[in-house]
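In case you want the letters, here they are:
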Amino acid sequence: MPKMILTVSTGVGRVGLTSISLGLVRALRRGQVRVGFSKPIAQPRPGDCGPERSTALAELLTGVKAPAPLGLEHAEARIANGEDEVLMEEVYSLFEDATGDAANVIVVEGLVPTDHVYATQINLAMARALGAQVVIVGRSKGEDPKELGETFEIAARTYTEALGEEGVLGVVLNKAPTCSSPRMKTPDRFYSHPLDADFLAAFKQQLAKLSIRCLGVVPDSPALGAPRVREIAEATGAVPINEGNTDRRVRLVCVAAMQVENAVDRGMKPGSLIIVPGDRSDNLLAACMVSLSGVQLSGIILCGGIRPPQHILDLCGPAMDQGLPVFLSQTSTFETARSALSVDLEVPIDDRDRAELVMNTVANGVDIDGLTKLLAAGREANISPPAFRHMLIQ
């Protein structure tokens, strides 16, 4: 049986668990470890359809054929009916079917606590059934290093009390402050920046005081959350006037309802999506001129269902011929902007470029040597009751 790493969250909310899990796969492969991946129990987000996201991304990016996960409702029904052991036999069978002798280590993505009351209970049960060591994933939300360390300690205690001290392998901090974050007062949304060295040193010192191993720190990078303009168009219900290159990345949403000189100065930057009332031909033309000057805007959405006259669109032709996407939304400028800013920033399963960037960024932040040494020296997992029963049946 391969060694198992179970990734879990520090608590409710998005911490980037899928990103960290897949990044660990990439990091271990760099360390010459034969590694597999599994999301044993699906946790779809509202609006998800088709293949389970984590499993599909793993197959797309690593070629790992992960087993199809069990449904969340099925898992919760098992737990509610006191059938924990039956559920864990089903989970264990997924790994035997999927891995054979191909992997030495399998990264297992756990459940994130949301409104699902059984998430932590299921994670603990999976850790026991698989003999997995837990990696706890959290993110920075503006806390000071001491508060953040204590958040990890509380989460770690849940697992060490149930699994023992060796049950927790360590922690990974996601979205750590960089030198461009607001706390440094030098925000720049368009480039990646190094980690805030003072924050990082204080955070690691706090973890050391709590006897918690730090396995990795991943910087906050706006590029990792930059959707394609096609995803914004879909979220706003906008239809193309000129489709152009809809793979362009949206790094900034600019509502261009002010005078031209102010709109150009404040918002028409590389990666900007320009949201403009359909009757503001002046700002539409200005955006096209900015695009022709060499500034690659991500696109333009015209609002209010007002399509500019054809002679105005003809003047925009050279910019559109260079790939500038132009869309028409039926909603008001305010509603369109609100929908654009509310778009789900999870990586779509067909967005290979962003998924690769996320995986590589996470892998770059992982202490690969330290992790592989811990795994090599780690405990030998005993055969759990669900595993034993499954083997007897087979």
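**Q** Looking at this model, I keep getting lost on the packing of helix H2 (residues 53-62) against helix H14 (residues 352-365). Mind explaining?
**A** Geometrically, a packed helix pair is captured by the angle between its two axes and the distance between the axes. It is at 11 Å that the axes of H2 and H14 come closest, and there the two elements cross at 85°. By the angle class used here, H2 and H14 are roughly perpendicular. The segment H2 lies against H14, with Leu57, Leu60, Leu61 and Thr62 engaging Arg352, Ala355, Glu356 and Met359. Grouping the constituent residues of the contact of H2 with H14 by class yields five nonpolar, one polar and two charged.

**Q** Which parts of the structure should I look at to understand helix H13 (residues 333-341)?
**A** One turn of an α-helix holds 3.6 residues; hence residues three or four places apart share an orientation. Of the residues making up H13, those classed as buried are Thr333, Thr336, Ala337 and Ala340. Buried residues of H13, viewed axially, fall in a sector of 95°; they line one side.

**Q** Is there a simple way to explain the environment of Pro309 in this structure?
**A** Its place among the elements puts Pro309 in the loop between strand E10 (299-303) and helix H11 (310-315). It is 9.2 Å that separates the C-alpha atoms of Pro309 and Asp279, two residues lying 30 residues apart in sequence.

**Q** What's the story with the pairing of strand E6 (residues 214-219) in this structure? I'm lost.
**A** With five of its six residues buried, E6 lies for the most part within the structure. When strand E5 (residues 168-176) meets E6, the two strands line up parallel, connected through four bridges. Residue pairing across strands places Leu173 opposite Val217, the latter belonging to E6.

**Q** Help me out: how do you make sense of the confidence of the model for the chain in this one?
**A** Close inspection of predicted coordinates is inappropriate in any region flagged by low pLDDT. Overall, the prediction assigns the chain a mean pLDDT of 87, with 90% of residues at 70 or greater. Counting interchain partners and residues more than four positions distant, the pLDDT-below-50 stretch residues 183-191 has 19 contacts.

**Q** Got a minute to help me understand the sheet that holds strand E8 (residues 252-255) in this structure?
**A** Think of a sheet as strands paired side by side through backbone hydrogen bonds, with each pair either parallel or antiparallel. Strand order in this open sheet of five strands is E7-E11-E10-E9-E8, and the pairing throughout is mixed. Bordering the open sheet on either side are strand E7 (239-242) and E8, each of which pairs with just one other strand. For this sheet, the mean inter-axis angle between neighbouring strands, taken without regard to orientation, is 25°. Contacting strand E9 (272-277), E10 and strand E11 (326-328), helix H8 (residues 229-236) runs over the sheet at an angle of about 15° to E10.

Calculation notes
Residues numbered from 1 in each chain as written. Predicted model: local features only at pLDDT ≥ 70, side-chain atom pairs only at ≥ 80, totals over all residues. Heavy atoms only, no water. Axes fitted to C-alpha atoms, helices over the stretch in contact; angles between N-to-C directions. Helix = DSSP H or I, 4+ residues; strand = E, 2+ residues; numbered from the N terminus. Parallel < 35°, antiparallel > 145°, perpendicular 65-115°, else oblique. Contact = heavy atoms within 4.5 Å. Nonpolar A, V, L, I, M, F, W, Y, C, P; charged D, E, K, R; others polar. Buried < 20%, exposed > 50% of the residue type's maximum accessible area, 1.4 Å probe, protein only. Arc of directions from axis to C-beta. Pairing = 2+ DSSP bridges. pLDDT = per-residue confidence, 0-100.

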